[in-house]
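# Observations on the model geometry
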Amino acid sequence: MKQNVIQIGILFASFLLFYTQGSIGDILLRLLWLVVSNILLFLILKRIDLSRKMIFFSHLCFMLTPGLIEQSLRLSGVDLFLLLILLFILINLYIRNIFVYCLSLVTSVVLLRIVYPEFWIFKSFNIPSLNTYIVSLYKVLSFESLFFHNTSVDFRNSIGVFYPESVFLFIFGLIGLINKKNIQTIILLLVPWILIIFGQPEISAKKDFLVFLPFLAVVFSAGILFIVSTFERKSFVLKLPLYACVLILGYGILNFHHYFWSHFIPFIYASQ
Amino acid sequence: MRASKNYLFLLGIIILFSAVLRFWSISIYPPALYTDEAGQGYNAYSLLVTGLDEHGALLPMSLRSFGDWKPPVQTYLSIPFMFFFGLSEETTRLPSILLGILSIAVSYFVARELKLSTKVSLLAAFFLALSPWAIHQSRSAMLVLVAFYFFLLGSLFLLKGTRKKWYILSALFFGISIYSYYGMRLVVPLFLFAYFLLLTKKRHLLKEGFFPFCIAFLIIIFPLFISFTKNPDVVFGRAKTISVFYDKGIGLRIWELSSQDGMNNVFVSRFYHNKVYLYSIDILRRFFSQLDVEFLFINGSTTPPFWIPHMGVMYLLDCIFLIAGFFAFVKKKIDSLLFLLIFLSVGILPGALTFMSPSANRTFNSVFPLTLFVAIGVSYFIFRIGRNKWRYLMISIVVLLYSFQFYSFEINYFKELPLHFANQWAYGYKQLVQYTEKLEHKYDKIVVLPQSNMGYIYLLFYANDPIAKNKDVKRDYLPDQYGYEMVPIIGKYIFMKSGTMVDARKSYPGSVLFVGTQQEMVQENSLQKIYNPDGTTAFVISE
């Protein structure tokens with residue numbers, strides 16, 4: 001119980017840190033979106049039997065992602081798209097039936113048309129070529145785009161979707177998740193959405209790939225736990241590199257915080 | 001016994017295959033000698049004939065060349081070939097080619113020392129033989145291949161370990177690799193430090209070979225220390241002008257962000273916007289740019305001439321097997337994973353510390369671990385997924401797909417590159433020198449306009465008497481913004497450092513022949529034009 005309170009407290013604090021800008025209406029909408037998306041994510045991660053620690057770190061990584069913070073300045077179609085995908089995954093994790101799968105997929109696309117009519121398949125749909133997929137995947141999934149420079153997150157190309165200091169967490173997280181069969185289930189469920197989203201041309205200029213953030217947060221969470229478990233039984237001296245990495249990551253988060261509020265937001269308001 | 005003979009036979013076939021890929025038409029693919037190649041070739045010839053390099057230094061530890069102080073091993077290795085066959089494109093490139101072929105064999109034995117199966121080791125050798133990256137570097141005299149070979153050899157004997165002689169041999173080859181390429185002066189010490197710290201049982205170390213290794217290594221690099229004390233540029237060479245710290249971008253970025261913070265927040269500004277943080281992130285970014293799909297599989301290097309048109313440094317298909325191989329390593333908890341990760345990381349580091357990244361030549365060492373992951377991935381696909389009757393289907397699929405990829409590489413490298421991108425290989429200088437030498441007696445001066453850069457070395461390389469021509473060289477040793485020392489005069493030839501055709505006509509009246517690019521000579525009536533293979537003009541010559 002005490003651990004739950006601490007975890008919720010940390011999550012709420014991170015919300016207060018980043019999301020309380022704008023009008024009351026905007027704040028309430030974002031709060032509602034955050035609560036719903038976190039609940040859905042919690043239910044999904046609980047369903048696939050992830051540990052409590054992993055669930056907590058997944059939520060924390062999700063909330064602190066620069067890409068999400070930048071995105072949530074104002075609620076948009078992409079955020080609602082994210083909710084739809086979470087709901088789709090959740091339904092199909094609980095009800096494993098091909099009919100339900102197809103029905104939920106179709107319903108999601110119909111709802112997507114309502115909440116996010118600007119999505120490319122409703123604007124000018126052409127069957128994407130293999131080349132489009134290759135280009136989209138390599139542009140979005142590159143280290144450059146994910147961690148360093150991403151024009152759809154920051155049009156001044158100064159930040160990536162994630163903190164650059166967290167790149168090693170990501171790699172260790174992928175290694176840590178390699179044997180987890182429950183994660184493979186989620187990946188399989190995401191395949192149609194991957195095909196839909198990455199089939200669009202010029203994806204690097206859009207934010208649609210941000211709908212995968214909750215799942216990528218799980219990777220970071222796995223990375224954190226991988227490192228913690230590696231260093232757990234080591235002496236204080238051997239733990240020093242771990243503490244140094246924590247400090248560096250903390251500095252990186254602070255640096256983003258400063259950049260976002262002192263440079264990025266004023267620039268946005270100045271250009272409007 | 002019979003099985004091992006069969007494997008060695010297969011290795012022999014792979015080596016023969018790699019020899020064909022590397023030897024075939026070596027003087028025309030790549031289409032011309034790059035300036036660095038011409039510099040090395042000429043210095044090797046000069047050392048052979050006179051014992052001196054082009055600057056008159058006796059058997060130097062580092063070749064001054066264009067002021068970039070080239071490591072000497074490649075140049076010295078060319079000398080025996082020039083003794084028999086003279087100065088030519090072939091003899092300049094021969095050390096790279098031969099060591100490129102031998103590195104295939106060494107990679108097999110390194111893979112075996114890493115406790116990988118014979119099949120996987122053979123696959124690794126095969127994929128290295130087939131690698132576009134390795135083929136491209138083998139066919140040009142660009143230092144990295146020679147350094148890679150000796151580094152690989154040093155790693156082989158280090159892994160063999162157990163006896164003093166192996167450690168001493170290892171130290172010898174690591175030492176030679178340091179004399180082969182700048183990047184090795186960073187890579188080798190880091191690699192050895194990581195190896196001895198993480199991978200070797202200390203008790204075993206002290207007993208067997210650590211001290212002999214250190215002593216042998218220090219003896220080998222001792223001359224470099226002496227040269228460094230006389231002239232630091234011998235060790236660091238061009239490193240100063242190509243490092244990320246030479247790039248002004250970070251400083252400008254700090255200034256921009258600090259200005260936005262204002263004068264009231266100096267402490268806050270310095271806390272968040274400082275060189276330590278921004279350079280660290282920049283280096284990290286450049287490090288991972290070497291592992292990005294765009295560099296490895298799509299577009300390759302950003303800097304000519306290390307670029308193969310329309311493809312990355314590896315085949316597109318390698319992407320799948322590379323990832324599969326890496327995860328197979330992790331899943332099976334293969335011991336050699338840490339060794340390969342260290343090999344890969346230190347191999348990439350030189351590219352991360354230079355501002356021209358991603359870079360195909362500076363990170364060439366990483367070709368070995370990447371190829372090994374591909375080999376593991378292919379092996380997993382064929383032997384784990386494909387069992388019994390399906391195995392032959394799997395093998396056929398892999399062979400077919402790689403055949404298409406190889407065919408595509410052949411088109412890009414042997415057709416596209418020499419036809420449409422010959423200018424990236426400084427095409428035209430040979431023809432230019434051969435033409436102007438015939439007319440030299442008719443003119444008082446031959447003025448070469450600035451865009452021709454370091455064409456002077458081609459004048460020496462392709463001269464009728466290269467050694468005699470060097471006596472006409474007048475040097476001022478003034479470096480340009482990139483640290484290159486251009487030569488202003490060779491006999492009648494004048495190399496302008498700046499200025500236009502108009503300036504040249506004013507400065508050099510009388511009986512003068514002018515040489516320049518199409519852009520510089522656009523208003524001129526040409527006496528002769530040298531064309532690129534694709535029909536565009538390489539050089540214009542006018543009176």
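The preceding data block contains the structure.
Since we're looking at a predicted model, the values are computed, not measured.

## Overview of the overall build of chain A
Within chain A, the regular secondary structure consists of 13 helices and 0 strands. Moving toward the C terminus, one meets the helices and strands of chain A in the order α-α-α-α-α-α-α-α-α-α-α-α-α. Evaluated residue by residue, chain A yields a buried proportion of 49% over its 272 residues. Looking at chain A as shown, the accessible area adds up to about 13300 Å², and 72% of this sits on carbon and sulfur atoms.

## With respect to a positive patch on the surface
Taken together, Lys181(A), Lys331(B), Lys332(B) and Arg384(B) make up a surface patch of like positive charges. Considering the arrangement of structural elements, one finds Lys181(A) in helix H11 (residues 181-197). Classification of Lys181(A) by relative accessible area gives exposed; the value is 65%.

## Overview of the packing of aromatic side chains
All names here are of chain B. Counting across every chain of the model gives 80 aromatic pairs over all chains. Measuring from ring centre to ring centre gives 5.7 Å for Phe191 and Phe339, while their planes differ by 80°; the resulting arrangement is edge-to-face. Linking Phe191 in helix H9 (residues 184-199) with Phe339 in helix H19 (residues 336-352), this pair joins segments that are 148 residues apart in sequence.

## Some remarks on the interface of chain B and chain A
Contact with chain B, which involves 26 residues of that partner, is made by 26 residues of chain A. Both faces combined, the contact of chain B with chain A buries some 2400 Å², and carbon together with sulfur accounts for 70% of it. Three residues stand out in chain B for area buried against chain A, namely Tyr272(B), Arg285(B) and Phe288(B), and they jointly supply 26% of the buried area on that side. Counting across the chain B and chain A interface gives 1 salt bridge. Arg285(B) is the salt-bridge partner of Glu144(A), the closest N and O atoms lying 3.4 Å from each other. Our enumeration of links across chain B and chain A arrives at 12 residue pairs in polar contact (both at pLDDT 80 or more). Secondary structure elements with two or more residues in the side of chain B that touches chain A: helix H14 (249-261), helix H15 (266-272), helix H16 (275-289), helix H17 (293-298) and helix H18 (318-332) of chain B.

## Here's the deal with the environment of Ser131(B)
Residues and elements named next belong to chain B. Mapping Ser131 onto the fold places it in the loop between helix H5 (118-130) and helix H6 (132-138). We classify Ser131 as buried; its relative accessible area is 6%. With 184 residues separating them along the chain, Ser131 and Tyr315 place their C-alpha atoms 7.7 Å apart.

## A look at the state of the cysteines
Residues and elements named next belong to chain A. One pass over the full model with this rule turns up 0 disulfides over all chains. No disulfide involves Cys61; its sulfur sits 15 Å from the nearest other cysteine sulfur, which is in Cys245. Look at Cys61 and you get buried, because its relative accessible area is 17%.

## Overview of the pairing of strand E6 (residues 528-531) of chain B
Residue and element names in this part refer to chain B. Examined bridge by bridge, E6 and strand E7 (residues 537-542) share 4 bridges and lie antiparallel to one another. Directly across from Tyr531, in E7, lies its bridge partner Thr537. In sequence, E6 turns back onto E7 through a hairpin of 5 residues, with Gly535 there showing a positive phi of about 95°.

## Digging into the sheet that holds strand E4 (residues 493-495) of chain B
Residue and element names in this part refer to chain B. Taken together, 7 strands build an open sheet; the order of strands is E2-E3-E4-E1-E5-E7-E6 and the sheet is mixed. In this open sheet, the two strands that pair with only one neighbour each are strand E2 (473-474) and E6. With 3 bridges connecting them, strand E5 (residues 512-516) and E7 associate as antiparallel partners. Considered in E7, the bridge of Val515 is made with Ile541.

## Remarks on a nonpolar patch on the surface
All names here are of chain A. Where nonpolar side chains cluster on the molecular surface, the patch consists of Val35, Ile39, Phe42, Leu43, Leu87, Ile91, Tyr94 and Ile95 and spans about 660 Å² of accessible area. Listed by contribution, the elements that provide at least two residues to the nonpolar patch are helix H2 (24-47) and helix H5 (77-94). At 4 residues, the largest contribution of residues to the nonpolar patch is made by H2. Tracing the backbone through its elements, the reader meets Tyr94 in helix H5. Look at Tyr94 and you get partly exposed, because its relative accessible area is 44%.

## Topic: the nonpolar core
Residues and elements named next belong to chain B. In this structure, Phe191 and Tyr402 are the most contacted members of the largest nonpolar core, which totals 206 residues. Of all the elements, helix H7 (residues 144-160) adds the most residues to this core, at 14 residues. Among all residues touching Phe191, those that are not within four sequence positions of it are Phe151, Ser155, Leu158, Phe174, Phe339, Ile342, Phe343 and Val346. Membership of the second largest hydrophobic core comes to 39 residues, among which are Leu33, Leu63, Ile446 and Leu460.

## Quick word on unusual backbone geometry
Residue and element names in this part refer to chain B. A cis amide bond, omega 5°, links Tyr29 with the succeeding residue Pro30. Mapped onto the elements of the fold, Pro30 is located in the loop between helix H1 (2-23) and helix H2 (35-50). One non-glycine residue with positive phi stands out, namely Ser65, at about 50°. Along the chain, the position of Ser65 falls in the loop between H2 and helix H3 (73-85). Accessibility expressed as a relative area gives 1% for Ser65, which makes it buried.

## Quick look at H2(A)
Residues and elements named next belong to chain A. Here H2 is 24 residues long and its end C-alpha atoms lie 34 Å apart, about the 34 Å a rise of 1.5 Å per residue gives. Listed as buried for H2 are Ile27, Arg30, Trp33, Leu34, Ser37, Asn38, Leu40, Leu41, Ile44 and Leu45. Residue Asp49 follows H2 closely and has a positive phi angle near 60°.

## A word on the pattern of salt bridges
This structure, assessed with the given rule, holds 15 salt bridges over all chains. Measuring nitrogen to oxygen at the nearest pair gives 2.8 Å for the salt bridge that ties Asp476(B) to Lys497(B). Taken together, the residues span a long stretch of sequence, with Asp476(B) in the loop between E2 and strand E3 (489-490) and Lys497(B) in the loop between E4 and helix H25 (501-507) at a distance of 21 residues. A residue is classified by how much of its surface remains accessible, and Lys497(B), at 37% relative accessible area, is partly exposed. Residues joined in a network through salt bridges with shared partners are Glu144(A), Asp282(B), Arg285(B) and Arg286(B).

## So, the pairing of E5(B)
Residues and elements named next belong to chain B. Most of E5 is tucked away, with 5 of its 5 residues classed as buried. Both faces of E5 are covered, namely the face carrying Val512, Phe514 and Gly516 and the face carrying Leu513 and Val515. Bridge count between strand E1 (residues 445-448) and E5: 4 bridges; the pairing is parallel. Residue Lys445 lies in a different strand from E5, and its bridge partner there is Val512.

Definitions and limits used
Each chain has its residues counted from 1, following the order in which its sequence is written. In the order they appear in the text, chains get letters beginning with A and ligands get numbers beginning with 1. Side-chain atom pairs in this predicted model are given and counted only at pLDDT of 80 or more, local residue features only at pLDDT of at least 70, and totals for whole chains, interfaces and linings cover all residues. Side-chain metrics in this entry use all non-hydrogen atoms of the structure; hydrogen atoms and water are not considered. For helices the rule is a DSSP run of H or I covering at least 4 residues; for strands it is a run of E covering at least 2, with both sets numbered from the N terminus onward. Accessible area is worked out with a 1.4 Å probe on protein chains only. A residue is then buried under 20% of its type maximum, exposed over 50%, and partly exposed in between. Accessible surface area values rest on a Shrake-Rupley calculation with a 1.4 Å probe, where residue burial reflects the displayed protein chains alone. Here, patches come from residues exposed beyond 30% relative accessible area and free of salt bridges, joined within 9 Å for like charges and within 5 Å for nonpolar side chains (Val, Leu, Ile, Met, Phe, Trp, Tyr). For this analysis, a salt bridge means a side-chain nitrogen from Lys or Arg found within 4 Å of a carboxyl oxygen belonging to Asp or Glu. Neither His nor the chain termini are counted; the positive set is Lys and Arg, and the negative set is Asp and Glu. Taken as the charge location is NZ of Lys, CZ of Arg, CG of Asp or CD of Glu. Note on aromatic pairs: the rings of Phe, Tyr and Trp (six-membered ring only in Trp) are paired at centre separations within 6.5 Å, and the planes decide the class, stacked below 30 degrees, edge-to-face beyond 60, tilted for the rest. Any two residues whose heavy atoms approach within 4.5 Å at even a single point are treated as in contact. Buried area: the sum, over both parts, of the accessible surface (1.4 Å probe) that disappears when the two are put together. As used in this structure description, the phrase polar contact means that two N or O atoms lie within 3.5 Å; if the pair is within protein, one of them must be able to donate a hydrogen and the other to accept it, and residues adjacent in sequence are counted only when both atoms belong to side chains. Here, the term disulfide refers to a pair of cysteine sulfur atoms separated by no more than 2.5 Å. Two strands make a pair as long as DSSP finds a minimum of two bridges between them. Take the buried Ala, Val, Leu, Ile, Met, Phe, Trp, Tyr and Cys residues and link them wherever side-chain atoms come within 4.5 Å; each set so joined is a nonpolar core. Take the residue count of a helix, subtract one, and multiply by 1.5 Å to get its expected span.

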